[in-house]
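Listed below, chain by chain, are the residues.
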Protein chains: 2
Amino acid sequence: MSTPFPLPQPMARALDLARRAAQAGEVPIGAVVTRDGVIIGEGENRNRRDSDPTAHAEVVAIRAASVALGDYRLTGCDLWVTLEPCAMCAGAISHARIARLYVGAADPKGGAVEHGARVFTHPQCHHRPELYSGIGESESSSLLRTFFAERR
Amino acid sequence: MSTPFPLPQPMARALDLARRAAQAGEVPIGAVVTRDGVIIGEGENRNRRDSDPTAHAEVVAIRAASVALGDYRLTGCDLWVTLEPCAMCAGAISHARIARLYVGAADPKGGAVEHGARVFTHPQCHHRPELYSGIGESESSSLLRTFFAERR
């Protein structure tokens, strides 16, 4: 079930962060922000631990990268996330001016990039990243399946 | 140009927060979260000050309320915001399980509740607040108009 070629290092790191979230009882999703290939911010789901409904992996990673750069725009930076972003996270990605978005598994039930609200497709969205999907898809899906199966 | 009846106190407070944002050079938008009519979290746009693309008024107010309650769900709480939420903030409102959403001015250019992505209308959105629009609309619009006119 593993990808037949080595995963890009940022997505491998995002998957490690997703595993760490699962160990803490949080939905296993991880994200990293890179600039010129170097990780400058990372995060995993922290909703329960932080009592914060906005603490999705993408938002945590974007906030960390923004503080690191001292800029609320991450122009030219890329975001790698193990699951298709929801509407909140897609909006955050747009506000941050992320250049390229690399996504692991699709999320037909909660995603808002290629499903549902399709946040990047409306004129009210003022910045759209380039989108690359399916990177580390099987690893990401497997983590989520195991997590939810254990809780049923 | 003022509303011909007294504004509800939470929206009056949200407008005060919007004015404070403008004084700090941030886009004048304010928000408060109430529970049983009592303000339990509040916020204003802080993107520039915090180097945080996610620091919209709604997100700041939701984070404050969630930490205050020690819960990542604000079930039964209401959110008052001076401008129609964007996709990011609409998503955050849904994740937080906000019961009622009170909005000041509409935002045809960036809104995602009654415009654009219409985040609450898709099956991928798992919680929809009751929506009340146009509360403090003229005050909110006036603040935004003045802010942007001074910067042109």
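Use the structure listed above.
Only a predicted model underlies this, so the values are computations on that prediction, with no experimental measurement involved.

Engineer: Where do I start with the sheet that holds strand 2 (residues 38-44) of chain B in this structure?
Structural biologist: Paired through their backbone hydrogen bonds, the strands of a sheet run either parallel or antiparallel. Residues and elements named next belong to chain B. Read across the sheet, five strands follow the order 2-1-3-4-5 without closing on themselves; strand pairing throughout is mixed. Sheet topology places strand 2 and strand 5 (130-132) at the edges, where each strand pairs with a single neighbour. Neighbour to neighbour, the strand axes of the sheet diverge by 20° on average, direction disregarded. Here strand 3 (residues 78-83) runs beside strand 4 (residues 100-105); their pairing, made up of five bridges, is parallel. Paired with Leu-79 across the bridge in strand 4 is Leu-101. Relative to the sheet, helix 1 (residues 9-23) contacts strand 1 (30-35), strand 2, strand 3 and strand 4, its axis offset from that of strand 1 by approximately 150°.

Engineer: Explanation requested: the interface of chain A and chain B in the structure shown.
Structural biologist: Interface size is commonly expressed as the accessible area that is lost once the parts come together. Across the contact, 35 residues belong to chain A and 35 residues belong to chain B. Overall, the association of chain A and chain B removes approximately 2,500 Å² of surface from exposure, summing both partners, and the carbon and sulfur fraction of that is 65%. Three residues stand out in chain A for area buried against chain B, namely Pro-53, Tyr-72 and Gln-124 of chain A, and they jointly supply 26% of the buried area on that side. Viewed at the interface, chain B and chain A are joined by twelve residue pairs in polar contact (both at pLDDT 80 or more).

Engineer: What should I look at first to understand the packing of aromatic side chains in this one?
Structural biologist: By convention here, two paired aromatic rings are described through the distance between centres and the angle between planes. Residues and elements named next belong to chain A. Applying the stated criterion across every chain, the model contains six aromatic pairs over all chains. Consider the rings of Tyr-102 and Tyr-132, whose centres lie 5.1 Å apart with planes at 20°: the pair is stacked. One end of the pair, Tyr-102, is in strand 4 (residues 100-105); the other, Tyr-132, is in strand 5 (residues 130-133), and 30 residues separate them in sequence. Assessed through its relative accessible area of 14%, Tyr-102 is described here as buried. The exposure class assigned to Tyr-132 is partly exposed, which follows from its relative accessible area of 35%. Taken together through their ring pairs, the aromatic side chains of Trp-80, Tyr-102 and Tyr-132 make up a single cluster. Between the NZ or CZ atom of Arg-151 and the centre of the ring of Phe-147, over which it lies, the distance is 3.8 Å.

Engineer: What is the right way to read unusual backbone geometry from this model?
Structural biologist: Leaving glycine out, the prevailing phi sign among residues is negative, and the prevailing peptide bond configuration is trans. Backbone geometry at Asp-36 of chain B places phi at a positive 50°, although glycine is not the residue there. Note on Asp-36 of chain B: relative accessible area 75%, which makes it exposed.

Engineer: Could you clarify how one ought to interpret the sheet that holds strand 1 (residues 30-35) of chain A in this entry?
Structural biologist: Residue and element names in this part refer to chain A. Across the sheet, which stays open at both edges, the five strands sit in the order 2-1-3-4-5 with mixed pairing between neighbours. One side of each edge strand has no neighbouring strand; the edge strands of this open sheet are strand 2 (38-44) and strand 5. When strand polarity is set aside, the average angle formed by the axes of neighbouring strands in this sheet is 15°. For strand 1 and strand 3 (residues 78-83), the ladder comprises four bridges, and the chain directions are antiparallel. Among the inter-strand pairings, Ala-31 is bridged to a residue of strand 3, identified as Val-81.

Engineer: What exactly am I supposed to notice about the relation of the copies chain A and chain B here?
Structural biologist: Both copies of the chain are related through a single rotation about an axis accompanied by a shift along the same axis. Here chain A sits on chain B after a turn of 180° about the axis and a move of 0.0 Å along it, with an RMSD of 0.0 Å. Here the symmetry operator amounts to a two-fold rotation axis. Nearest to the rotation axis, the C-alpha of Met-88 of chain A is located 1.8 Å from it, this being the minimum over chain A. When the interface residues of chain A are mapped onto chain B, 100% of them are again interface residues, pointing to one common binding face.

What counts, and at which threshold
Residues numbered from 1 in each chain as written. Chains lettered and ligands numbered in written order. Predicted model: local features only at pLDDT ≥ 70, side-chain atom pairs only at ≥ 80, totals over all residues. Heavy atoms only, no water. Pairing = 2+ DSSP bridges. Helix = DSSP H or I, 4+ residues; strand = E, 2+ residues; numbered from the N terminus. Axes fitted to C-alpha atoms, helices over the stretch in contact; angles between N-to-C directions. Contact = heavy atoms within 4.5 Å. Buried area = accessible area lost by both parts, 1.4 Å probe. Polar contact = N/O pair within 3.5 Å; in protein donor to acceptor, adjacent residues only side chain to side chain. Phe/Tyr/Trp six-rings, centres within 6.5 Å; stacked < 30°, edge-to-face > 60°. Buried < 20%, exposed > 50% of the residue type's maximum accessible area, 1.4 Å probe, protein only. Lys NZ or Arg CZ within 6 Å of the ring centre and 35° of its normal. Least-squares fit on C-alpha atoms with pLDDT ≥ 70 in both.

Everything listed here is a matter of coordinates, which is why it stays silent on function.
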